[in-house]
Amino acid sequence: MEKHTLNIQITNKEITRKLTTQEKALKRKLHSFYLTVVKDNPIPVETLRTKYENQIKAIIRKAVEDSYFTGTDLIEKEVKAITPRKVFFISGEDIKNIQDITEQMNKVFWTTTGKLHIRETEFKLTLDKELIKKKEFDTEAAYIAIAALMIFKGFNNSVISKMRQVVNQNVK
């Protein structure tokens, strides 16, 4: 039993390391986009979205695919340790899951980016009738959260989907 626990701990560390690396890479790309394209730009985010949406969606899709396949690889490795002849494949459901997550996360990205952009130019009126600029949000923290959501959503969705596939194959 102790050997199995040790394997689980090693696997958890490996997976966490992979997902954290993916998360940091995604955060750098998304935050860099914000700093270079959106921040201090007088053009509304919705207009920027029409120009850059495909580029951002491609970045998100690649990140979701990477984390999704990390989950798929984990399940395949664990199942093949028990049943070496089990065949794994990328199913139509997997492709649909990746597409759905990409669409959802694209919306999250643009909604958050819009809110961050608006906050750059917000002012508040003091009791002395003086306009003062509101403190900007921590954009890096926002993109860390978004990147984590995207990466872990892809991974978790993959694990659930592949486990269902394994269970359904065993039932048939």
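The structure this text deals with has already been given above.
These numbers were taken from a predicted model, which means no experiment stands behind them.

Focus: the pattern of salt bridges
Close approach of charged atoms lets side chains of opposite charge pair.
Right, so step 1: This model, assessed by the stated rule, comprises eleven salt bridges.
Right, so step 2: For Glu103, the salt bridge goes to Lys57, with nearest N and O atoms at 3.1 Å. Highlighted residues: Glu103 in helix α3 (residues 92-120) and Lys57 in helix α2 (residues 45-82), separated in sequence by 46 residues.
Right, so step 3: A salt bridge links Asp100 to Lys96; its shortest N-O distance comes to 2.7 Å. On the criterion of helical spacing, the pair formed by Asp100 and Lys96 is a turn pair, its members being four residues apart in helix α3.

Here's the deal with the environment of Lys129
Right, so step 1: Structurally, Lys129 is set in the loop between β1 (123-125) and β2 (131-133).
Right, so step 2: The exposure class assigned to Lys129 is exposed, which follows from its relative accessible area of 68%.
Right, so step 3: The spatial distance from the C-alpha of Lys129 to the C-alpha of Tyr68 is 53 Å, given a sequence separation of 61 residues.

What about the nonpolar core?
In summary, soluble globular proteins display a tendency toward joint burial of nonpolar side chains.
Right, so step 1: Counting residues in hydrophobic clusters, the biggest one holds 30 residues, and the most contacted among them are Phe33, Phe109 and Met150.
Right, so step 2: Secondary structure elements with two or more residues in this core: α1 (2-38), α2, α3 and α4 (139-171).
Right, so step 3: Looking at this core, the element that brings in the most residues is α2, giving nine residues.
Right, so step 4: What Phe33 contacts, discounting residues up to four positions off in sequence, is Val38, Tyr52, Ile56, Phe109 and Trp110.

Rules and cut-offs
Residues numbered from 1 in each chain as written. Predicted model: local features only at pLDDT ≥ 70, side-chain atom pairs only at ≥ 80, totals over all residues. Heavy atoms only, no water. Salt bridge = Lys/Arg side-chain N within 4 Å of Asp/Glu carboxyl O. Helix = DSSP H or I, 4+ residues; strand = E, 2+ residues; numbered from the N terminus. Buried < 20%, exposed > 50% of the residue type's maximum accessible area, 1.4 Å probe, protein only. Core = buried A, V, L, I, M, F, W, Y, C linked by side-chain atoms within 4.5 Å. Contact = heavy atoms within 4.5 Å.

Distances and angles like these do not, on their own, reveal function.
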